[in-house]
Amino acid sequence: MGCNSRSLGYRYQSRRQEHVKTSGALASLTLRKKHTSTVLRVAYSTNIRLSSSVRIYGRWFVTIDGVECRKPGMIDIAMYNNNGDRDYIPSVLLGICEETNAGPIGKGDHTITVSIGRIGNNNIGAASSGWASTSILEVQEMCPQY
């Protein structure tokens, strides 16, 4: 396939809503991938916070069809809070996914989800995203750059 960016899929979702969770989905959309040899570029822009009076850890991560990316690597960010700070931090999850732990991402419909969860067995406290701002999830089918 001669990769032509005009023939590739693109989806965008914007939502102004705060999420306070200990686990689960924050944003999700479906993209129809048009080619087998392309990759997905995922970007999620929001603000994040962990609040508690004890040591806590949280992880924001991307899945494709419920499975994390494997190649070239996971798309995630982690946060640690030890002193009860309640600051919201502007953050962007950004990455390329060629394969998940289930294998290559074929053409067809795929659900891309951003979720919050624990790191190991550590306490997560109250994890917040999207306070007083617009969170944006953007997914783009791209020609491989390598």
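Quick note: structure is the one above.
The structure reproduced in this document is the subject of the present report. (Residues numbered from 1 in each chain as written. Predicted model: local features only at pLDDT ≥ 70, side-chain atom pairs only at ≥ 80, totals over all residues. Heavy atoms only, no water.)

## Topic: the packing of aromatic side chains
Formally: For Phe, Tyr and Trp, where Trp contributes only its six-membered ring, two rings pair if their centres lie within 6.5 Å, and the inter-plane angle classes them as stacked under 30 degrees, edge-to-face over 60, or tilted in between. Helix numbering and strand numbering both begin at the N terminus, where a helix is a DSSP run of H or I of at least 4 residues and a strand a DSSP run of E of at least 2. Buried residues are those whose accessible area, probed at 1.4 Å on protein chains only, stays under 20% of the maximum for their type, while exposed residues exceed 50% and partly exposed ones sit between those limits.
Taken as a whole and judged by the stated rule, the model has 2 aromatic pairs. Ring centres 5.0 Å apart and planes at 20° place the aromatic pair Tyr88 and Trp131 in the stacked group. In this pair, Tyr88 sits in the loop between strand 7 (76-81) and strand 8 (89-97) while Trp131 sits in the loop between strand 12 (126-129) and strand 13 (135-142), placing the two residues 43 residues apart along the sequence. Taking the relative accessible area as the measure of exposure, Trp131 reaches 45% and is therefore partly exposed.

## Observations concerning the pattern of salt bridges
What counts here: Salt bridges are identified by distance alone: a Lys or Arg side-chain nitrogen within 4 Å of an Asp or Glu carboxyl oxygen.
Taken as a whole, this structure holds 6 salt bridges when the rule is applied. Among the ionic pairs, Lys71 bridges to Glu98, the shortest N-O distance being 3.6 Å. Placement of Lys71 in strand 6 (residues 67-71) and of Glu98 in the loop between strand 8 and strand 9 (99-100) is noted, with a sequence separation of 27 residues between them. Each of the salt bridges in this network shares a partner with another, and the network as a whole consists of Arg59, Glu68 and Asp76.

## Observations concerning the nonpolar core
The nonpolar side chains of soluble globular proteins are, as a tendency, buried together. Put simply, the rule reads: The criterion is simple. A nonpolar core is a set of buried Ala, Val, Leu, Ile, Met, Phe, Trp, Tyr and Cys residues joined through side-chain atoms within 4.5 Å. Every residue pair with non-hydrogen atoms within 4.5 Å of one another is taken to be in contact.
If you look at the biggest cluster of nonpolar residues, it comprises 26 residues, and the most contacted ones within it are Trp60, Ile112, Leu137 and Val139. Counting residues per element, the ones that place at least two in this core are strand 3 (24-33), strand 4 (39-51), strand 5 (56-64), strand 7, strand 8, strand 11 (108-117) and strand 13. It is strand 4 that provides the largest number of residues to this core, a total of 5 residues. Apart from the residues within four sequence positions on either side, Val139 is in contact with Gly9, Tyr10, Arg11, Leu29, Leu31, Leu40, Arg41, Val42 and Ile112.

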